[in-house]
Amino acid sequence: MIRKTQVPMREQDPRERIHNFQEVPYGYTPEEAIQEAKRCLQCKNAPCIGGCPVEIDIPRFIAHLAEGDFRGAIRVIKESNNLPAICGRVCPQETQCEGVCTLGKKFEPVAIGRLERFVADWERERGVELPPVGEPTGFRVAVVGSGPAGLACAVDLRRFGHAVTMFEALHEPGGVLMYGIPEFRLPKDIVRAEIATLQEMGVELVTNAVVGKTFTVDELLADGYQAVFVGTGAGLPRFLGVPGESLIGVYSANEFLTRVNLMRAYRFPEYDTPIRVGRRVAVVGGGNVAMDAARTALRLGAEEVLVLYRRTEAEMPARREEIRHAREEGVVFHFLVSPVRFLGERGELAGVECIRMELGAPDESGRRRPVPIEGSEFVITIETAVIAIGNQPHPLVPRTTPGLSVTRWGTIQADEEGATSREGVFAGGDIVTGAATVISAMGAGKKAARAIDRYLRERVASRA
Amino acid sequence: MYTILEKRRLAHGIQEYTVEAPLVARAAKAGQFVVIRLHQRGERIPITLADWDPDRGTITLVVQAVGKTTVELEECFQEGDALADVVGPLGEPSEIEDYGRVVCVAGGVGIAPIHPVARALKEAGNEVICIAGARNQGLLFWLDRLSQVCHELIVTTDDGSYGRKGLVTEPLKELVGAGRVDRVWAIGPAVMMKFCSLVCQEAGVPIIVSLNPIMVDGTGMCGACRVEVDGQVRFGCVDGPEFPGDKVNWDLLIARLSAFKEEERCALERYRELLKEATA
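Residues numbered from 1 in each chain as written. Chains lettered and ligands numbered in written order. Predicted model: local features only at pLDDT ≥ 70, side-chain atom pairs only at ≥ 80, totals over all residues. Heavy atoms only, no water.

(A) Summary view of the overall build of chain B. Counting secondary structure elements, chain B contains eight helices and 17 strands. For a compact globule of 280 residues, the expected C-alpha radius of gyration is about 19 Å, and chain B comes in at 18 Å, within 12% of that figure. Taking the principal axes of the C-alpha coordinates as reference, chain B spans close to 60 × 40 × 40 Å. Contacts in chain B between residues far apart in sequence, at least 24 positions, make up 66% of those at least 6 positions apart. Accessible surface, chain B: about 11500 Å² in total, of which carbon and sulfur atoms supply 49%. (Helix = DSSP H or I, 4+ residues; strand = E, 2+ residues; numbered from the N terminus. Rg over C-alpha atoms; globule rule 2.2 N^0.38 Å. Contact = heavy atoms within 4.5 Å. Areas by Shrake-Rupley, 256 points an atom, 1.4 Å probe, with all protein chains shown as cover.)

Here it is as structure tokens:
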């Protein structure tokens, strides 16, 4: 008899966790993991594999897990994904593998993400098996950006035997995994461990290197790199463009989260970077970043945190688990509202005027477009606002790389495998697709690694 | 390793640091800045480049001790010590061309970043007049270096202890009023740049200022450094740091500079207490 519901994962009590930055879920015990793994039907057509952007052989890893063979399980995952501890925590499983799970048609789907997380954590505690590094090819590849796309690309390039140097603009590698996603959702030690694994595999890491400023892509190509992978992400914050947005107390989500995550402002003054949060905080947006900002604000001591979203809960792009966590912690959701201006007192934020929205005809994203209801304006008193309405592609590399084609949205034009308009220059992740998910960026990095490998062996080698 | 090779006291609370940073030195241009971090618990702060030497692989930073980080740099970092991080060169370089006759105005520690701008303008064929001002003689430095990169140097002090008594805006007003000034550059405290901009606006002379908003990453990511120029929101780090002074919303810039005033005071006090405990 199959359990109809997932084996629940124990979590920190919401009343306690809003006072700390420790991870919310505790993860499965071995017994719980085996119990959950046994729910898998092992169906022949395995729709879950197709639902995974990096096509992990999910039934096979779960079969090992169900038998208690954790090492076997992690080996299967690592055939396709080198960063399972991260993906198990941040992937939107409900729209990917779990969304198409056969069991999910009648009951709750298999908790694939939790199982992935379990085996990844199990391995990290017992010592990570380094993926095999290929015979040295003599080729050198520069990976620009050390976020999900760059990390995934770098690992596979090393597996193919190429020398890899990864360049990071900030002082710590990891990209959005370090500056964007909070500690309580993705502990930074996990990201550091994954990066340490990469370095053990021989990836050379250069921090404080802003490609486009410190040196250009063309300089890298002239300096002995035969190929360059650009994974610089969507790092530029978008603002609403309404009056009062520059008042003190209005942050972009990037600033708010970077101060807290990368710079450790939650431990100010022990750490030097400050952050200020008022008693009442409004977060504008409905994605994972908005949930992260709202839950971070609570942990920084805000008494009341509101999420202002211009559509309804059904259209929220955030993972279901993040919405549930936010709600459990006391975040209050206001749907179908949009800020029209921020109000200040002596230069500091004091309130936000919003307008009510209704859903009209579907837009190009397929979601119903929110339309303002005339005359429905109202004011909410707040002391802090965080704008989490998305990010734009980082313009530095496109701007400083002549001949690199970009779209009208500022993303780099690349084919399915990451090849750009410039020979030897490949790109993947948010810089190509616009802001998307960690796993899709990893998938793009992996595809590009294969394309780069082929390019080096066929084109460059034949020239020599 | 971003080792401090030389440290030299220039004036009260103002130090010159020569720091190993070969990649920055190789790419640096006038008007650009770096972001530094002292140690693993440090904050990221932007500092405009005062000079660089690509052959030696060094950059020169002139820093006034005003907050916790800059005070700690002055008191705790000596020759041979290394900064945790130096990243750059960031921001757009100054738009250097042969404008004709250019006045470069520097207020206080702004003398350091105006130096490479004046040098580049002079090399481009401009007639360059520098005005350097400080509260008193004890806060002046690099006058010899500045005089080498301009055709004429005017010095002012608020109390008249050196050079002309008064503010930098007075000789600036005379120069632009007499005509024949094609462009003005001003670097210094926000209030000083604001008043230089007003002088130039009245005289109809274009003025470029180097803004110093609060930054976190310095690469366009956080938006903390947003400033309003000509009614548009621009990022100090990637669109600037230089903007036309007559188009800047100065009141907004000055207000935003005080966003973390309370926290900055608290950090400095705590640092002083810890230092006292450590030396007691």
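(B) Representation of the environment of A:Tyr179 within the structure. Assignment of secondary structure puts A:Tyr179 in helix α9 (residues 176-179). As for A:Tyr179 and A:Arg264, which are separated by 85 residues in sequence, their C-alpha atoms are 9.8 Å apart. For A:Tyr179, the residues in contact, after removing those within four places along its chain, are A:Leu170, A:Gly235, A:Asn254, A:Leu257, A:Thr258, A:Asn261, A:Leu262 and B:Met221.

(C) Examining helix α3 (residues 111-123) of chain B more closely. All names here are of chain B. Taking 1.5 Å of rise per residue, 13 residues should cover 18 Å, and α3 covers 18 Å from first to last C-alpha, within 8% of that figure. Burial runs high along α3: 10 of the 13 residues are buried. Where α3 terminates, the next one or two residues include Gly125, which has phi positive at roughly 105°. (Expected span 1.5 Å × (residues − 1). Buried < 20%, exposed > 50% of the residue type's maximum accessible area, 1.4 Å probe, protein only.)

(D) Region of interest: the pairing of strand β8 (residues 85-90) of chain B. Residue and element names in this part refer to chain B. When you tally the buried positions in β8, you get six out of six residues, the bulk of the element. Where strand β3 (residues 33-37) meets β8, four bridges bridge the pair, whose relative direction is antiparallel. In the sheet register, Phe33 faces β8, and the bridge partner there is Leu90. (Pairing = 2+ DSSP bridges.)

(E) Geometry of helix α13 (residues 288-299) of chain A. Residues and elements named next belong to chain A. Over its 12 residues, α13 runs 17 Å from end to end, which matches the ideal 16 Å to within 8%, given 1.5 Å per residue. Among the 12 residues in α13, 10 count as buried, and that is most of the element. Of the positions making up α13, those classed as buried are Ala290, Met291, Asp292, Ala293, Ala294, Arg295, Thr296, Ala297, Leu298 and Arg299. Downstream of α13 by a residue or two, Gly301 has a phi angle that is positive, lying close to 110°.

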